[in-house]
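# Descriptive analysis of the structure
As a plain string of letters, each chain reads:
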Amino acid sequence: MRVLVLAGRRLAASIPTLFLILIGVFLLLQLAPGDTVDALMAQMGGGDAATARQLREFYGLDLSVWAQLGNYLWRLVRLDLGFSAIYGKPVATVIAERLPATILLMTASLSLAFFFGLILGVVAARGVNKWPDTLISTLGLMFYAMPTFWFGLMAIVVFSIYLQWLPAGGFEDITVSYTGLRRTLDIATHLVLPTLTLGLFYMAIYLRIMRGSMLEVLNLDFVRTARSKGMDETRVVVRHVLRNALLPMVTLIGLQAGTMLGGSVVVESVFSLPGLGRLAYESVIQRDLNTLLGIVFVSALLVIAVNFIVDLLYARLDPRITTGS
Amino acid sequence: MDLVKLYVRSPPAVIGLVLLILVLAMAASADILYPRDPLALAGRPLIWPFSNPRFLLGTDNSGRDIAAQIFHGARISLLIGGVSTMISVMIGITIGALAGYYGAFVDTALMRVTEAFQTLPNFLLVLVLVAVFGSTITTVTVAIGIVSWPASARLTRAEFLSLRNREFVQVGRTLGLKDTRLIFGEILPNALPPVIVYASVVMAIAILLESALAFLKLSDPNVASWGNLIGAGRDVLRVQWYVSAIPGIAILVTVLAVSLVGQGLNDALNPRLKSR
């Protein structure tokens, strides 16, 4: 219960942050050359000034900036993200259509990064300064320094063009309509390369943190006690060290959630996945500022949600956090 | 001198330094080795690397010399990486110093802003900034600087919190030194080392951010950027994959060099942590 209260308090504290972001980005977008109506008129192939005025009145764009901001925030409270003139649908619908691909990609990449980062970090720490450590650390450095989109392109060259094992892009095969298990399998094969592309960069970070934190915990007194009890090394690591060494890893998930969402913009473009990141890119190109603002809102919400989960996990791993202070 | 000795003891740090000098040499010699505009037509398009001695690394899909673009690209990457890192560290230090020194409500307010920047995915904010202010090399550099300061701010703030009540600061206060003098003249020099080391991380990320932006064709199209070349090569990826592959290796080497040098500096400055 106390955990929930504590995490809930953190959640409440993030509401002002959310408003700060929205107000900031809203005001920033006011400086953008051209508004939704300009984009709309360009799409219709031009029009006269009277139509433009009418449209501006219709979208409430003739009001002062502050009135518009007030309107926007008031609509937001009622979970109305406005209307996308480019897609001809409410922004909420457009985003909801694109959200599943991004969430799938992020969950898969995060799991890959966390799981393999953990294992490789433990292996490297246990053989510190021997060849497995050197190999793993070098590999980690490489993945860290590699631009993700470049890795994605090279993976396409190797696995899709030469070996023809995996599809080069898209979310699913649109030439045949699979259902049920076949469809799940189809989506999974489409997501292998994007997941590797986004995940390996973060795996490199996780393995480095895990290695460092393992080395730190391995030198603590309680580990020496466990060893002197005659416990074998594997059990010492699994039962005593791991739980403590995991804390920085979990913190990192919360810190990295935002960057990962940003990284998905690039990865989704490389693999033409219909996700939130690609939508962000498209709305920048098409000057669909309403949608862009909506995406900012939803991504901030996602980051806050991830941090909420991290808080809960954290308290579970380290009981001192809730009982202490 | 001790620092140099400690630094040289670590092989990865030395490799990093050699690579960094190599990239710097490439940037410095670009005008001498390839005096022509790297974005000008040079020959037949899509010549494979090592097949024509005039174009050692071949040509891209519009017949531009890849080697020339790589050499001139080194300048752009280092320039954008360096300047945006400076902007970001400067913002970070100022905000972190004010928050850490004054505490109370100044701290709360500034940390809220920092939190806001950390909650918003930084690449998304770069996209917004580029959408609003256009994609010239200046706006791209400033945009990258603006999105990457929060970590340095937190680092500086933490240092200030631990330093602000030390004796030498109290002495300064008793002597009646002004706040600005205390912040910038007394505390900051002591708080700086970890921030400077962290700057290497900021620079690595800045270079990667710019290349990603250029790859998406949202960076300045009028400069020879490695990301631009990767983006151009994407259209001919099926057969002439080398057009994208070569600039990617250049980015990899540069980011690797910057990270290794940063890590080496960190280890040399904190010798106790060396064993990790």
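Note that this is a predicted model, so its numbers are computed, not measured. (Residues numbered from 1 in each chain as written. Chains lettered and ligands numbered in written order. Predicted model: local features only at pLDDT ≥ 70, side-chain atom pairs only at ≥ 80, totals over all residues.)

## What about the overall build of chain B?
Of the regular secondary structure elements, chain B holds 11 helices and 0 strands. The principal-axis extents of the C-alpha atoms in chain B amount to approximately 75 × 45 × 30 Å. Counted over contacts in chain B with a minimum sequence separation of 6, partners at least 24 positions apart contribute 68%. (Helix = DSSP H or I, 4+ residues; strand = E, 2+ residues; numbered from the N terminus. Contact = placed C-beta atoms within 7 Å.)

## Digging into the overall build of chain A
Within chain A, the secondary structure is distributed over 13 helices and 2 strands. Every one of the 325 residues in chain A was classed for burial, and the buried ones make up 37%. (Buried ≥ 20, exposed ≤ 12 C-beta atoms within 10 Å, placed from the backbone.)

## Quick word on the nonpolar core
Membership of the largest hydrophobic core comes to 159 residues, with the highest contact counts inside it found for Tyr206(A), Ala280(A), Val296(A), Leu124(B), Val126(B) and Leu127(B). If you tally residues by element for this core, the top one is helix H9 (residues 179–215) of chain B, at 20 residues. Residues contacting Tyr206(A), with those up to four places away along its chain left out, are Ala113(A), Phe114(A), Gly117(A), Leu118(A), Gly121(A), Met249(A) and Leu252(A). (Core = buried A, V, L, I, M, F, W, Y, C linked by C-beta atoms within 7 Å.)

## Some words on the interface of chain A and chain B
Taken together, the 42 residues of chain A in the interface contact 34 residues of chain B. A per-class count over the side of chain A that touches chain B returns 33 nonpolar, 9 polar and no charged. (Nonpolar A, V, L, I, M, F, W, Y, C, P; charged D, E, K, R; others polar.)

## Things to note about the environment of Ile207(B)
Residue and element names in this part refer to chain B. Considering the arrangement of structural elements, one finds Ile207 in helix H9. C-alpha of Ile207 to C-alpha of Thr141: the two residues are 66 residues apart in sequence and 10.0 Å apart in space. Dropping the residues within four chain positions of it, Ile207 is found in contact with Ser77, Gly81, Ile251, Thr254 and Val255.

## Side note on helix H10 (residues 226–233) of chain B
Taking burial as the measure, the 8 residues of H10(B) include 8 buried ones, the bulk of the element. Those residues of H10(B) not exposed but buried are Trp226(B), Gly227(B), Asn228(B), Leu229(B), Ile230(B), Gly231(B), Ala232(B) and Gly233(B). Buried residues in H10(B) make contact with helix H7 (148–162) of chain A together with helix H3 (66–102), H9 and helix H11 (242–269) of chain B.

## Observations concerning the packing of helix H4 (residues 104–119) of chain B against helix H7 (residues 150–163) of chain B
Residue and element names in this part refer to chain B. Relative orientation of the contacting elements H4 and H7 amounts to 145 degrees, with a least axis distance of 9 Å. As for the relative orientation of H4 and H7, their crossing is left-handed in sense. On H7, the residues that touch Thr114, Phe117 and Gln118 of H4 are Pro150, Ala153 and Arg154. Within the contact of H4 with H7, the residues separate by chemical class into 3 nonpolar, 2 polar and 1 charged. (Axes fitted to C-alpha atoms, helices over the stretch in contact; angles between N-to-C directions. Left-handed = near helix turned anticlockwise from the far one by under 90°.)

## Some words on the confidence of the model for chain B
Residue and element names in this part refer to chain B. When pLDDT is averaged along chain B, the result is 85, and 96% of the positions lie at 70 or above. When the elements of chain B are averaged for pLDDT, helix H1 (residues 2–8) gives the smallest value, 78, and helix H6 (residues 137–147) the largest, 92. Here the complex is predicted with pTM 0.88, and the ipTM for its interfaces comes to 0.86. (pLDDT = per-residue confidence, 0-100.)

## What about the packing of helix H10 (residues 233–270) of chain A against helix H11 (residues 276–285) of chain A?
For any two helices packed against each other, the geometry is given by the interaxial angle and the distance between the axes. Residue and element names in this part refer to chain A. For the pair H10 and H11, interaxial distance at closest approach is 7 Å and the crossing angle is 90 degrees. It follows from the interaxial angle that H10 and H11 lie roughly perpendicular. Mapping the contact onto sequence places Ser264, Val265, Glu268 and Ser269 in H10 and Gly277, Arg278, Ala280 and Tyr281 in H11. Its residues assigned to classes, the contact of H10 with H11 shows 3 nonpolar, 3 polar and 2 charged. (Parallel < 35°, antiparallel > 145°, perpendicular 65-115°, else oblique.)

## Quick look at the environment of Ser77(B)
Residue and element names in this part refer to chain B. Looking at the secondary structure, you find Ser77 in helix H3. Accessibility expressed as a C-beta count within 10 Å gives 27 for Ser77, which makes it buried. Residues Ser77 and Tyr34 lie 43 residues apart in sequence; the distance between their C-alpha atoms is 17 Å. Once you skip the residues sitting within four places of it in the chain, Ser77 turns out to touch Ile207, Glu210, Trp226 and Thr254.

## Quick look at unusual backbone geometry
Of note in this structure, Ser272(A) is not a glycine but carries a positive phi near 35 degrees. With respect to the secondary-structure elements, Ser272(A) resides in the loop between H10 and H11. The exposure class of Ser272(A) is partly exposed, given the 13 C-beta atoms found within 10 Å. Residue Ala104(B) is not a glycine yet carries a positive backbone phi of 45 degrees.

## Considerations on the environment of Thr85(B)
All names here are of chain B. Topologically, Thr85 is positioned in helix H3. On the basis of neighbour count, Thr85 is assigned to the buried category, with 27 C-beta atoms found within 10 Å. Look past the residues within four positions of Thr85 in its chain and what remains in contact with it is Ala199, Val202, Met203 and Ala206.

## Observations regarding the confidence of the model for chain A
With 98% of its residues at a pLDDT of at least 70, chain A reaches an overall mean of 83. Here helix H13 (residues 320–323) of chain A is the element of chain A with the lowest mean pLDDT, 60, and helix H5 (residues 91–126) of chain A is the one with the highest, 89.

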